[in-house]
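Listed here are the chains, written in short residue letters.
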Number of protein chains: 4
Amino acid sequence: MSGCPYFEKRHLLFKNKPPSTEEDEDASQAGVNKASKGGIIYGDYLQLDKIVSAQVLQSELKGNKIHDEHLFIVTHQAYELWFKQILFELDSVREIFISGHVRDERNMLKVNTRIHRIVMIYRLLVDQFAVLETMTALDFFDFREYLSPASGFQSLQFRILENKIGVPDNLRVPYNRRHYRDNFKGHDSEMLLATEKEPTLLKLVEEWLERTPGLEVDGFNFWERLEINIFDGLNKEKEKIEKMPDSEEKEEMMSELVKQRELFTSLFDEKRHDHLLSKGERRLSYKALQGALMIYFYREEPRFQVPFQLLTSLMDIDTLMTKWRYNHVCMVHRMIGSKAGTGGSSGYHYLRSTVSDRYKVFVDLFNLATFLVPRHWVPKLNPNIHKFLYMAECCDSSYCSSEDSD
Amino acid sequence: MSGCPYFEKRHLLFKNKPPSTEEDEDASQAGVNKASKGGIIYGDYLQLDKIVSAQVLQSELKGNKIHDEHLFIVTHQAYELWFKQILFELDSVREIFISGHVRDERNMLKVNTRIHRIVMIYRLLVDQFAVLETMTALDFFDFREYLSPASGFQSLQFRILENKIGVPDNLRVPYNRRHYRDNFKGHDSEMLLATEKEPTLLKLVEEWLERTPGLEVDGFNFWERLEINIFDGLNKEKEKIEKMPDSEEKEEMMSELVKQRELFTSLFDEKRHDHLLSKGERRLSYKALQGALMIYFYREEPRFQVPFQLLTSLMDIDTLMTKWRYNHVCMVHRMIGSKAGTGGSSGYHYLRSTVSDRYKVFVDLFNLATFLVPRHWVPKLNPNIHKFLYMAECCDSSYCSSEDSD
Amino acid sequence: MSGCPYFEKRHLLFKNKPPSTEEDEDASQAGVNKASKGGIIYGDYLQLDKIVSAQVLQSELKGNKIHDEHLFIVTHQAYELWFKQILFELDSVREIFISGHVRDERNMLKVNTRIHRIVMIYRLLVDQFAVLETMTALDFFDFREYLSPASGFQSLQFRILENKIGVPDNLRVPYNRRHYRDNFKGHDSEMLLATEKEPTLLKLVEEWLERTPGLEVDGFNFWERLEINIFDGLNKEKEKIEKMPDSEEKEEMMSELVKQRELFTSLFDEKRHDHLLSKGERRLSYKALQGALMIYFYREEPRFQVPFQLLTSLMDIDTLMTKWRYNHVCMVHRMIGSKAGTGGSSGYHYLRSTVSDRYKVFVDLFNLATFLVPRHWVPKLNPNIHKFLYMAECCDSSYCSSEDSD
Amino acid sequence: MSGCPYFEKRHLLFKNKPPSTEEDEDASQAGVNKASKGGIIYGDYLQLDKIVSAQVLQSELKGNKIHDEHLFIVTHQAYELWFKQILFELDSVREIFISGHVRDERNMLKVNTRIHRIVMIYRLLVDQFAVLETMTALDFFDFREYLSPASGFQSLQFRILENKIGVPDNLRVPYNRRHYRDNFKGHDSEMLLATEKEPTLLKLVEEWLERTPGLEVDGFNFWERLEINIFDGLNKEKEKIEKMPDSEEKEEMMSELVKQRELFTSLFDEKRHDHLLSKGERRLSYKALQGALMIYFYREEPRFQVPFQLLTSLMDIDTLMTKWRYNHVCMVHRMIGSKAGTGGSSGYHYLRSTVSDRYKVFVDLFNLATFLVPRHWVPKLNPNIHKFLYMAECCDSSYCSSEDSD
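What you see is a predicted model, and the numbers here were worked out from it, not measured in a lab.

Enquirer: I would appreciate a short explanation of the overall build of chain A in the present structure.
Expert: Check the secondary structure of chain A and you find 17 helices and zero strands. Counting every position in chain A, which comprises 406 residues, the buried fraction comes to 68%. Of the contacts made within chain A by residues no fewer than 6 positions apart, 75% connect residues no fewer than 24 positions apart. Within the structure as shown, chain A displays about 13600 Å² of accessible surface, and the carbon and sulfur contribution to it stands at 52%.

Enquirer: Is there a simple way to explain the packing of helix H7 (residues 156-165) of chain D against helix H8 (residues 186-197) of chain D in this structure?
Expert: Between two packed helices, the angle of one axis relative to the other and the distance separating the axes together describe the packing. All names here are of chain D. Interaxial distance between H7 and H8 falls to 8 Å at its minimum, and their mutual angle equals 15°. Judged by the angle between their axes, H7 and H8 are roughly parallel. Once H7 is placed against H8, the crossing between them reads as right-handed. Contacts from Leu 156, Arg 159, Ile 160, Asn 163 and Lys 164 in H7 reach Asp 188, Met 191, Leu 192, Thr 195 and Glu 196 in H8. Of the residues assigned to the contact of H7 with H8, the class counts are four nonpolar, two polar and four charged.

Enquirer: Just to check I follow, could you spell out unusual backbone geometry for this structure?
Expert: Outside of glycine, negative phi angles account for most residues, and trans bonds account for most peptide bonds. The backbone of Asn 221 of chain C shows a phi angle near 55°, a positive value even though the residue is not glycine. Along the chain, Asn 221 of chain C turns up in the loop between helix H9 (201-210) and helix H10 (222-242). When its relative accessible area of 12% is taken as the criterion, Asn 221 of chain C is described as buried. A positive phi angle, near 50°, is found at Gln 47 of chain D, a position not held by glycine. By the secondary structure assignment, Gln 47 of chain D is in the loop between helix H1 (42-45) and helix H2 (48-51).

Enquirer: Is there a simple way to think about the relation of the copies chain A and chain C in this case?
Expert: Applying a rotation about an axis and a shift along it to one chain copy brings it onto the other copy. Expressed as a screw transformation, the operator carrying chain A onto chain C has a rotation angle of 180° and an axial translation of 0.0 Å, and the superposed copies differ by an RMSD of 0.0 Å. In the structure described here, the two chain copies are related by an operation that fits a two-fold rotation axis.

Enquirer: Explanation requested: the packing of aromatic side chains in the structure shown.
Expert: The relative placement of two aromatic rings is captured by the distance of their centres and the angle of their planes. Enumeration according to the criterion identifies 82 aromatic pairs over all chains in this entry. Plain terms: the ring middles of Phe 220 of chain C and Tyr 298 of chain C are 6.3 Å apart, the flat faces sit at 80° to each other, and that makes the pair edge-to-face. Note that Phe 220 of chain C is positioned in the loop between H9 and H10 and Tyr 298 of chain C in the loop between helix H13 (286-297) and helix H14 (302-336), a separation of 78 residues in sequence. What makes Phe 220 of chain C buried here is its relative accessible area of 4%. Three or more aromatic residues link up through ring pairs in this structure, and these residues are Phe 220, Phe 222, Trp 223, Phe 231, Phe 268, Tyr 286, Phe 297 and Tyr 298 of chain A. Its guanidinium or amino end placed over the ring of Tyr 180 of chain C, Arg 172 of chain C lies 4.0 Å from that ring's centre, counting from NZ or CZ.

Enquirer: How should the side chain of His 70 of chain C be read in this particular structure?
Expert: Looking at where His 70 of chain C falls in the secondary structure, it is placed in helix H4 (residues 69-98). On the accessibility criterion, His 70 of chain C (3% relative accessible area) is buried. If near-sequence neighbours (up to four positions away) are discounted, His 70 of chain C is found in contact with Gln 55 and Leu 57 of chain C together with Lys 84, Gln 85 and Phe 88 of chain D.

Enquirer: Got a minute to help me understand the pattern of salt bridges in this structure?
Expert: Two side chains bearing opposite charge may form a pair once their charged atoms approach each other closely. Taken as a whole, this structure holds 80 salt bridges over all chains when the rule is applied. Across the salt bridge formed by Asp 142 of chain A and Arg 375 of chain C, the nearest N and O atoms sit 3.0 Å from each other. Taken as a pair, Asp 142 of chain A in helix H6 (residues 137-144) and Arg 375 of chain C in the loop between helix H16 (363-367) and helix H17 (383-391) lie in two separate chains rather than in one. Arg 375 of chain C sits in the partly exposed class, given a relative accessible area of 33%. Where Glu 196 of chain D meets Arg 181 of chain D, a salt bridge forms, and the shortest distance between an N and an O atom there is 2.8 Å. Here Arg 181 of chain D lies in the loop between H7 and H8 and Glu 196 of chain D lies in helix H8, a separation of 15 residues in the sequence. With relative accessibility at 18%, the residue Arg 181 of chain D sits in the buried group. Connected through shared salt-bridge partners, Asp 91, Arg 94, Lys 164 and Glu 198 of chain A make up one network.

Enquirer: Help me understand the environment of Arg 325 of chain C, please; the structure alone is not making it clear to me.
Expert: As for its placement among the helices and strands, Arg 325 of chain C is situated in helix H14. For Arg 325 of chain C, a relative accessible area of 7% corresponds to the buried category.

Enquirer: What am I meant to see in the interface of chain A and chain C here?
Expert: Quite often, the size of an interface is put as the accessible area lost when its parts meet. Taken together, the 45 residues of chain A in the interface contact 46 residues of chain C. Contact between chain A and chain C buries roughly 3700 Å² in total, counting both sides, with carbon and sulfur atoms accounting for 53%. The interface formed by chain A and chain C holds ten salt bridges in total. Those elements that place two or more of their residues in the side of chain A that touches chain C are H6, helix H11 (248-267), helix H13 (286-297), helix H14 (302-336), helix H15 (347-354) and helix H16 (363-367) of chain A. Per-element tally for the side of chain A that touches chain C: the top contributor is H14 of chain A, with 14 residues.

About the thresholds
Residues numbered from 1 in each chain as written. Chains lettered and ligands numbered in written order. Predicted model: local features only at pLDDT ≥ 70, side-chain atom pairs only at ≥ 80, totals over all residues. Heavy atoms only, no water. Helix = DSSP H or I, 4+ residues; strand = E, 2+ residues; numbered from the N terminus. Buried < 20%, exposed > 50% of the residue type's maximum accessible area, 1.4 Å probe, protein only. Contact = heavy atoms within 4.5 Å. Areas by Shrake-Rupley, 256 points an atom, 1.4 Å probe, with all protein chains shown as cover. Axes fitted to C-alpha atoms, helices over the stretch in contact; angles between N-to-C directions. Parallel < 35°, antiparallel > 145°, perpendicular 65-115°, else oblique. Left-handed = near helix turned anticlockwise from the far one by under 90°. Nonpolar A, V, L, I, M, F, W, Y, C, P; charged D, E, K, R; others polar. Least-squares fit on C-alpha atoms with pLDDT ≥ 70 in both. Phe/Tyr/Trp six-rings, centres within 6.5 Å; stacked < 30°, edge-to-face > 60°. Lys NZ or Arg CZ within 6 Å of the ring centre and 35° of its normal. Salt bridge = Lys/Arg side-chain N within 4 Å of Asp/Glu carboxyl O. Buried area = accessible area lost by both parts, 1.4 Å probe.

In short, the description is geometric, and any link to function would need to be established separately.
Okay, here's the thing in structure tokens:
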């Protein structure tokens, strides 16, 4: 970055001037320039020879250089660069979960920070469409034919990203009746297959949720207590309503109550859950769902504050991925019209179909909003469990040696 | 881009299905997949082998891999990628001006669109700081020492960009008492020197403004008419005020009037202009300034609508470059504190000093706001000049053969 | 705005100091404070007594103040404030079209600037969801019950906005099987009905497009020339392909050609157009469609540069309205889950169904991307028509007296 | 918000349908419309009669309606609306600190969420300038005179906000040599004076930092241990360097070491701290500074994760306030030029002078970046203190009754 002073010579130790007054007349001229003294320089560090030489216009190669193709290339390269970063963060988070380090609560800050960073990158990527949208359909038309058959369906990193977060093979919308992996060959195809088999972020979060302290049947037994409280609450409501004089309102309230009872009966019905799971309408195990709801209800407990933030960030990622898809659809509509696509393809409609809850990996975290209850129905923690929650998993002996660099 | 259908096989002709109803059941599955039939594929087209393999962590090389260095690298690479694009647009605009094509008004759309694209990219670059800000000072400290002596001051593209837009050598704030070019060696240094000698965007815009139709002394003679109208207007104000009964308000208004007269006297004082020019407080020639003010006042004339948009976009670029610098300063403050910098450097103060009107290339376009006058003081166009403005430079014989691809 | 100096005392004339050097030591202290001298003050000007006293929490009225309700109110008020501004711009643009002023090309800058402003406001409104998303489903649940039966469906301004832009009654998705106007009573309902009958932006743009110079059958006759050129072009392609030796590629190209011919045959089929129009799949008249395509193809002609920008901005508005809807859906999903809604409602699914091309008013401008052709197929302008385009509608006698304030 | 279904009728209990399959054909039509059944409606709830009737154009009152004044008013109203929200959040956070509730760590989520919300609002406010920037200097000139003497300096809420966060009276840049409070009269002026005397966010955070567990001299005694470790570390460095053969590099490293020692000597010099405090160059007490550095170094301890996030968000607010000021300056430059301002005022220069570290309330949190040390110099926690940190302030007996609504 231009003139960025934190990019500077440091020997064996960190070097700072003692603070002086802010108004220092010559503060901006006091340094010694060490750029010439050996060590790595900016352009080499960033491998800019690769980065800024990678823009080859097909239209130019074919003797008809079209100005806007350059933007097209750079924009897609910027997307891929950021996909690389997202994958790097995602892999590091998955690694923390896989190695069990997340049981050491000290790692939660790291997990949260990195997931939040993915959120921030996605926000940028959504905004980035505004740049490509400075190209009109007419500009695009001029070089479109030269791209054949290159296709965004061939973005390996994007598919890996979907796989590693947890978009399952069987919920994908096929494109032109073919499997998404058919767009890739050899090594790439194998790599994709491999990522389908690795533990996804969804799976790892699920396992972590299943371990939520307080779920133990022989302990606080959150789920049973919750069920009792809810149906107690509903029964009290019913009694109240029954005492009302007959009226349209009474009838309405009673019918509402019946619906509520049905709703909550469904929540506590494990078989129904498994059925929805098999259809892809739920994605978390029954136990994990319990853990998530527990974190929701007790989010202000110190032990659950950071986990609650994590669940929120996971929803952010889902939302932003889906907004990215939608922005993409909008741009494609503008570039090629709704009926377009080539060779009989149907890109616009395909893309629209991927802006769907089927692609929302953490859809259960959203849908839990359906099962909220008044605060006084939430089981009270007793002092023991309160303390327990607070200390949970704190006393591993390894905390002093845990590594910060990974 | 994932699943992007406009990236698709096209043979000799553009291929689209005839539109059918939007609800097409199988619209999303109707295509034929041609990815396997030869031609260039996505990853090769974008040279992703270069792009996503260019992240080498110095901390890792030195045996102490620090996670956040990856973000640091990717962010800077993304900046350089976009700088490349900005330079590409800037060069194409300069080329249109240099080759005289801008006299063919048909090129104004292109110029405007590309300058506007630079605006949009800068907006993204300003927002992009939010991503790097997910790294804390503590994270940065862990790998900072490995970067030595790489420095953002060594960003060749950024310096070229400044030069080509029109940041002049003599207005630059020196860094550590050294010339900015001393951070570069050999070929890079020569390239920088070369760009200092090329016509800058500022210079080219200046020449274009000097040709503004209506400035001709033997024609509409805008400048003289304006001067007459303004001083007429001021005189009438004076008479009006003089007729008022004595009061504090009258006095105040009279003193205000005197200031106004001084202000406008200064506007029409060419020597004073040249003096300010020599000090770097003005940057456009006297004639160009006249052209700019003319475009301001007659911006609604069809002939001047697009030129007016161009002037507005040039201010946008200036403003965004300065916002970029300021965001950069804020980030550096956060990363290394205000007193920091290394080896006796003074990065924070240096950077702050570059967030200055000295670095605003089109500062005159902003400062013209000081010289606005009521609409009825603006000289009226007569029907002839009106028509003239409208037809200006339209009748070149070459328009049919002008190339759109460049 | 805090410390905003452009908000300052000005008497009868505009008052500026003569410029001096930028480094003016005391430049920041040289003024005279006139705030105390009478005239309107900031808070009264902005009617802040109304604006900042309009936050009454229902939860507080009902004895259970919930903190986050304040954010909920302020966010919605901010939306309504901006809707007011959008309506103000929209009405002024419609007024220019209705009064015929747009025929005076001098008004195009105004039209364009105001439409672009709507674009910028919509961008802000899309971003604004990020603020409301700091409220979680659990926070919302705490005061949700107090809002009954207030509903966003009752936003009068939003419905008026849809009507005035051109969302037609018959393409609206019904909500709970009821007409959208049933959410409104008395005066509001009548006002909505009235706006349904006013000329929409779509209608006005359509009429303007129908007047595109160059469409005249007894003049340049763009449409006929285009048809001839396209089918000539296709025939030449056919001949070329027929000369190729038999191969799979040849067959493919021939079948592609057939599709192209079908596609363009459909473009020139007025009956088909009217059929699609009756189904709501097209929204512009046949003649207006021709005008739009003409502006697309000749966008670099000085006469068409600003009209082309206008068409682009209209697509921006459509896209942003649809992104706004989609962001809204995402937020609702997060707040109440996918199955939620109350009283048997189905808000999430309803909202999802409005994120549809049915609500894209200028959908034809997008879909024209399907009908682009190589530049050499576009009919050449002869010098006369070129000049004509350039001078079109310039010579109205009223330009000198046209009012800038409206 | 338009069509927003979470704004809907709810009786005594929360009402949700039992989940069914996502593909529900008629899911979007299943509801019962209850808007007509009494209760509050949308427009009344939001008091839209006040909000959307508060746009009175001075130019219109004076018989010369200028279109763009409407945007000017709405933009400033939107700013004030959001200032109201920021103040609401800020007051609630200050209240939690004042009442001592923050000692109950359960309140930290609330504090963090609300501070983060302020961050998100500020981000929007920074972006919002893009809307007002669609107005040019020339448009503004047309109605500027009618605003006199209304001035943004008179924004009561903005001044209150500055006061409550902690911009101190004595660090303010005077405007036209007058005290900022002189722009206000009567009740407003008194209110401002009152807010100067209330505990600022800075003060409250300072007190909270002073209580950071681990600072106790008779306990973990962080500060003494840190001092010992740092000087031990520096001494070991020195020995290492002394063993090197003489060389330029050795000399340089030794001189660097001397600077480091000076730097850290200054850190542990309480008198020097108090001196800087008295000059306004530091803003936190010596003890609070220790607490902040402790949170920095042990940020991964579960007990310190959320506090660390809070410190980060406080820096975000500072940065965003300063970006807001800078964006404001940029817009003013564009609207009135650098030399402008009226009645001898000097708005642009005044505003530029407020974009200064003097207005950064939490400047110490930035400057602590100067005092970072390698991780192995940070004193190790022993198992006891580790546990202590983790349990700190957990066992208040009141947790069950703590109120969530405030």
